[in-house]
Amino acid sequence: MKASDTKATLSFSNGGDNVELPIYKGTIGPDVIDIRKLYAQTGMFTYDPGFMSTAACQSAITYIDGDKGELLYRGYPIEQLATNCDFMETCHLLLYGELPDAGKKASFTKLVTNHTMVNEQMQFFLRGFRRDAHPMAIMTGLVGALSAFYHDSTDINNPEHRAIAALRLIAKMPTLVAMAYKYTIGQPYIYPKNDLSYAGNFMHMMFATPCEEYKPNDVLVRAMDRIFILHADHEQNASTSTVRLCGSSGTNPFAAIAAGVACLWGPAHGGANEAALNMLYDIQREGGVEKIGEFIKKVKDKNSNVKLMGFGHRVY
């Protein structure tokens, strides 16, 4: 972001003095007006619910233009990354700003793979939840609990601690998700296998049992890997903003990410997938296909408060 030669002038219809505001240009996307000194100069705040016209920080990680259907990670179009890269390469790109060569990829993948196991005490922590607990409730608790087990990476002001915490979260999140799933269905936990890919290992932990050998389907593994790539980062969304807000207080990285998980739970964010499924279940209970027309009428009725879930997003 660099300063523009042009400045914005704020004028008042009551005859008050004009205020000049700096303008900054980003590498891509709209220019921004710097209003940090607005209150000191005018005694006024800006009013922008939902940050519809506000950039909360400077970032070189992700760019989204919903109208054009663009999603860029470090300048790379998402369709190129999904086609030509795997999730480990994408993580390296997001973390360090560049795609790894063969040596760096092998080193990074080995580092992540060697941290996929979690402390055995996490099993006992899980037992405190009901078997029918919501998976996001479990994940919020498990991720927050990581700060109680890994004291060597909880200083958010230490760059090395942040790097270790990031690697641990990438490595352990699939393990925690699989443990939560196995717990709810009453099956034994499956430990990670270092000879599998990131996505393949996740599917192994989710669906394998001690009774027989499980071999992940290569097509499904690639599909899962692409899903991970597509969801790796979505700019300043609700959960990212939540994590940044928590981090600004100096809390530890695991606690901040747990807050992000809790935010992701909401039906207006990551929980929209669940809301769409629940909507389909409701339609099925009310009569199935024959009731779809009636349901759509309710959606179009502004007084019904019935929403059509899963068929669009304000960003896109």
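None of the values given here were measured: they were computed from a predicted structure.

Colleague: Looking at this structure, I do not really get the packing of helix 10 (residues 238–247) against helix 11 (residues 253–264). What am I missing?
Modeller: To characterise two packed helices, one gives the angle between the axes of the helices and the distance between these axes. The interhelical angle for the contact between helix 10 and helix 11, taken along N-to-C directions, is 150°, at an axis separation of 8 Å. The angle between the axes of helix 10 and helix 11 places the two elements in the roughly antiparallel class. Crossing geometry of helix 10 relative to helix 11 is assigned as right-handed. Across the interface between the two elements, Ala238, Ser239, Thr242, Val243, Cys246 and Gly247 of helix 10 pack against Ala256, Ile257, Ala259, Gly260, Cys263 and Leu264 of helix 11. Class assignment for the residues of the contact of helix 10 with helix 11 results in 8 nonpolar, 4 polar and no charged.

Colleague: Any chance you could explain the sheet that holds strand 2 (residues 19–25) here in plain terms?
Modeller: The pairing of strands in a sheet happens through backbone hydrogen bonds and is either parallel or antiparallel. With respect to topology, 3 strands assemble into an open sheet ordered 1-2-3, the strand pairing being antiparallel. Looking at strand neighbours, the two that pair on one side only are strand 1 (2–10) and strand 3 (32–33), the edges of this open sheet. Bridge count between strand 2 and strand 3: 2 bridges; the pairing is antiparallel. Bridge pairing in strand 3 links tyrosine 24 to valine 32.

Colleague: Explain helix 8 (residues 198–207) here, please?
Modeller: Since the α-helix packs 3.6 residues into each turn, any two residues three or four apart lie on the same face. Most of helix 8 sits inside the fold, with 9 of its 10 residues counted as buried. The complete set of buried residues in helix 8 reads Tyr198, Ala199, Gly200, Asn201, Phe202, Met203, His204, Met205 and Met206. Those residues of helix 8 that are buried are in contact with helix 3 (87–96), helix 4 (102–113), helix 7 (159–185) and helix 9 (218–230).

Colleague: Sorry if this is basic, but what is going on with the sheet that holds strand 5 (residues 70–73) here?
Modeller: An order of 4-5-6 is seen for the 3 strands of this open sheet, with the pairing classed as antiparallel. The open sheet has two edge strands, strand 4 (62–65) and strand 6 (76–77), and neither has a second partner. As judged from the 2 bridges shared by strand 5 and strand 6, these two strands associate in the antiparallel manner. By the bridge assignment for strand 6, leucine 72 is matched with proline 77.

Colleague: How should the side chain of histidine 204 be read in this particular structure?
Modeller: Considering the arrangement of structural elements, one finds histidine 204 in helix 8. In this structure histidine 204 comes out as buried when scored by relative accessible area, which is 8%.

Colleague: Help me understand empty space enclosed by the protein in this model?
Modeller: To find the voids left in a structure, one rolls a probe of water-molecule size over its atoms. Going through the model one piece at a time under the given rule, you end up with 1 cavity of 30 Å³ or more. Taken as a whole, the largest cavity spans an internal volume of roughly 90 Å³. Lining the largest cavity are Met117, Val118, Glu120, Gln123, Thr175, Met179, Tyr189, Ile190, Tyr191, Pro192 and Met205. In the lining of the largest cavity, the residues fall into 8 nonpolar, 2 polar and 1 charged.

Colleague: Looking at this structure, how should I read the layout of surface pockets?
Modeller: Each pocket or cavity is described by its volume, and for the second largest pocket that value is around 280 Å³. What lines the second largest pocket is a set of 21 residues, and nearest its centre among them are Met88, Leu196, Ser197, Tyr198 and Ala199. In terms of residue class, the lining of the second largest pocket is made up of 10 nonpolar, 6 polar and 5 charged.

Colleague: What exactly am I supposed to notice about the packing of aromatic side chains here?
Modeller: Centre-to-centre distance and the angle between the planes together describe a pair of aromatic rings. This model, assessed by the stated rule, comprises 9 aromatic pairs. Ring geometry for tyrosine 39 versus phenylalanine 45: centroids 4.8 Å apart, planes at 10°, classification stacked. When its relative accessible area of 49% is taken as the criterion, tyrosine 39 is described as partly exposed. Take phenylalanine 45: its relative accessible area is 70%, and that puts it in the exposed class.

Colleague: Explain helix 12 (residues 272–285) to me, please; I cannot follow it from the model alone.
Modeller: Look at helix 12: 20 Å from first C-alpha to last across 14 residues, which is about the 20 Å you get at 1.5 Å a residue. Those residues of helix 12 lying buried are Ala275, Ala276, Met279 and Ile283. Within helix 12, the buried residues cover an arc of 100° as seen down the axis, which keeps them to one side. Turned more than 90 degrees away from the buried face of helix 12, the exposed residues are Asn273, Gln284 and Arg285. Where helix 12 is buried, its residues touch helix 13 (292–300). Of the residues trailing helix 12, glycine 287 is marked for its positive phi of about 135°.

Colleague: Could you clarify how one ought to interpret the environment of leucine 93 in this entry?
Modeller: Structurally, leucine 93 is set in helix 3. We classify leucine 93 as buried; its relative accessible area is 0%. In this structure, the C-alpha to C-alpha distance between leucine 93 and glutamate 120, residues 27 residues apart in sequence, is 31 Å.

Colleague: I'm lost on the environment of cysteine 211 in this one. Help?
Modeller: With respect to the element layout, cysteine 211 can be found in the loop between helix 8 and helix 9. Exposure remark for cysteine 211: the relative accessible area of 73% places this residue in the exposed category. Each C-alpha atom, one on cysteine 211 and one on proline 30, is 57 Å from the other, the two residues being 181 residues apart in sequence.

Rules behind the numbers
Residues numbered from 1 in each chain as written. Predicted model: local features only at pLDDT ≥ 70, side-chain atom pairs only at ≥ 80, totals over all residues. Heavy atoms only, no water. Axes fitted to C-alpha atoms, helices over the stretch in contact; angles between N-to-C directions. Helix = DSSP H or I, 4+ residues; strand = E, 2+ residues; numbered from the N terminus. Parallel < 35°, antiparallel > 145°, perpendicular 65-115°, else oblique. Left-handed = near helix turned anticlockwise from the far one by under 90°. Contact = heavy atoms within 4.5 Å. Nonpolar A, V, L, I, M, F, W, Y, C, P; charged D, E, K, R; others polar. Pairing = 2+ DSSP bridges. Buried < 20%, exposed > 50% of the residue type's maximum accessible area, 1.4 Å probe, protein only. 1 Å grid on protein atoms, 1.4 Å probe; cavity = no way out; pocket = protein on both sides within 12 Å on 5 of 7 lines; lining within 4 Å. Points joined across faces, edges and corners; volume = space filled by probe spheres on them. Phe/Tyr/Trp six-rings, centres within 6.5 Å; stacked < 30°, edge-to-face > 60°. Expected span 1.5 Å × (residues − 1). Arc of directions from axis to C-beta.

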